[in-house]
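Observations on the three-dimensional arrangement
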Amino acid sequence: MACKRGALIVLEGVDRAGKTTQCNKLFEALQQSGRPAEMMRFPDRTTTIGKLISAYLENKSDLEDHTVHLLFSANRWEMVPLMKKKLEQGTTLVVDRYAFSGVAFTGAKPGFCLDWCKSPDVGLPKPDLVMFLQLSPSEAALRGQFGEERYEKSDFQRAVQNKFQQLMKDRSVNWQVIDASQSVEDVHKDIMNHSLKAMTCAQNQALAELWK
Ligand code: Z5A
């Protein structure tokens, strides 16, 4: 490796927990402090696969549940060459949702087990840090109504939250739970502290493979 690699930092969490708000703030803070950083989000709705996913989420098309799960995974795999290149160049990637959302959302549907849900994402670049923005359903409700998209229903979101709790038992992943009910600035401070630590550790470690 010619230069020290960047860190792969993922934000996960329930609906309206503030993932996008905090990804933006982290990205801006890293850039302003002179640390190369870029933001990514999944699904990436700009690609051909992402457009199929977007139509599904907006209820403009129907897709069989296994099929859409594999599309979400393919949407991550198509970004892997670019992600590896950026990380090797020393750029830290701040990522809004990743494979954990993939597993939690499909795993919350009837008839799916976590092992099957994880399998298409085995071997993806492993995040150096995954921060789970924890927010109770009542606090989330204070941030406005659900939108119009397919998964934005409270029963389903509760099932998703349970799946995230199961995933967070996996000690092979560097999970950090963040209290997302704090002010935007206080959440940002927590996220910045964890991120700087993970970035220092990542510099001396090779990029690993997820769930391998
Ligand atoms: N999905 C899947 O099924 N499989 C997969 O593999 C992947 C995803 C990757 C994508 O939605 C959907 O795809 C998602 C999972 C599924 N479905 N759901 N539900 P998306 O990425 O397009 O949108 P989202 O991730 O669902 O966004 P979100 O969860 O609704 O929002 P958020 O990013 O967590 O929060 P925000 O937009 O930053 O903030 C929400 C509001 O709260 C906003 O008004 C903020 O100003 C406010 N806010 C934020 N922080 C605070 C604090 N600290 N205090 C008060 N108010 C705050």
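Attention in this report is confined to the structure presented alongside it. (Residues numbered from 1 in each chain as written. Predicted model: local features only at pLDDT ≥ 70, side-chain atom pairs only at ≥ 80, totals over all residues. Heavy atoms only, no water.)

1. Things to note about the overall build of the protein
Check the secondary structure of the protein and you find nine helices and five strands. In sequence order, the protein lays out its α and β elements as β-α-β-α-α-α-β-α-α-β-α-α-β-α. What you see for the protein is a C-alpha radius of gyration of 17 Å, in line with the 17 Å of a compact globule of 212 residues. The dimensions of the protein, computed from C-alpha atoms along their principal axes, are 45 × 35 × 30 Å. A buried classification covers 49% of the 212 residues belonging to the protein. Taking all contacts inside the protein whose residues are at least 6 apart in sequence as the whole, residues at least 24 apart take part in 82%. Here the protein has roughly 10,300 Å² of accessible surface; of this, 52% comes from carbon and sulfur atoms. Counting 28 positive and 26 negative side-chain charges, the protein places the centres of these two groups 3 Å from one another. (Helix = DSSP H or I, 4+ residues; strand = E, 2+ residues; numbered from the N terminus. Rg over C-alpha atoms; globule rule 2.2 N^0.38 Å. Buried < 20%, exposed > 50% of the residue type's maximum accessible area, 1.4 Å probe, protein only. Contact = heavy atoms within 4.5 Å. Areas by Shrake-Rupley, 256 points an atom, 1.4 Å probe, with all protein chains shown as cover. Lys, Arg positive; Asp, Glu negative; His and termini not counted. Charge placed at Lys NZ, Arg CZ, Asp CG, Glu CD.)

2. So, helix 2 (residues 48-57)
Among the residues of helix 2, those classed as buried are G50, I53, S54, Y56 and L57. Taken around the axis of helix 2, the buried residues stretch over an arc of 160 degrees, which confines them to a single face. Exposed side of helix 2, more than 90 degrees from the buried face: T48 and K51 are the residues found there. Among the structural elements, helix 3 (65-77) are those in contact with the buried residues of helix 2. Backbone geometry just after helix 2 places N59 at a positive phi near 60 degrees. (Arc of directions from axis to C-beta.)

3. Some details on the site of the ligand
Near the ligand there are 28 residues, and of these K19, T21, R45, R76 and R97 occur at the shortest range. Within the backbone of V184, a nitrogen or oxygen atom sits 3.5 Å from a nitrogen atom of the ligand. Among the residues making up the shell around the ligand, the classes are represented as 11 nonpolar, eight polar and nine charged. (Near = heavy atom within 4 Å. Polar contact = N/O pair within 3.5 Å; in protein donor to acceptor, adjacent residues only side chain to side chain. Nonpolar A, V, L, I, M, F, W, Y, C, P; charged D, E, K, R; others polar.)

4. Some details on the sheet that holds strand 2 (residues 37-41)
The parallel open sheet is built from five strands, whose spatial order is 2-3-1-4-5. The open sheet terminates on both sides in strands that have one partner only, identified here as strand 2 and strand 5 (175-179). Averaged over all neighbouring strand pairs, the angle between strand axes comes to 25 degrees, with direction disregarded. Bridge count for strand 2 against strand 3 (residues 92-96) is five bridges, and the pairing is parallel. Bridge assignment links E38 to a residue of strand 3, and that residue is L93. Contacting strand 1 (8-13), strand 2 and strand 3, helix 4 (residues 80-88) runs over the sheet at an angle of about 140 degrees to strand 3. (Pairing = 2+ DSSP bridges. Axes fitted to C-alpha atoms, helices over the stretch in contact; angles between N-to-C directions.)

5. Quick word on the packing of helix 1 (residues 19-32) against helix 9 (residues 184-203)
The geometry of helix 1 relative to helix 9 is characterised by a closest axis approach of 10 Å and an angle of 55 degrees between their N-to-C directions. Accordingly, the angle class assigned to the pair helix 1 and helix 9 is oblique. The interaxial crossing formed by helix 1 with helix 9 has right-handed handedness. Across from T21, Q22, K25, L26, A29 and L30 in helix 1, the residues of helix 9 making contact are V184, E185, V187, H188, I191, M192, S195, L196 and M199. A per-class count over the contact of helix 1 with helix 9 returns nine nonpolar, four polar and two charged. (Parallel < 35°, antiparallel > 145°, perpendicular 65-115°, else oblique. Left-handed = near helix turned anticlockwise from the far one by under 90°.)

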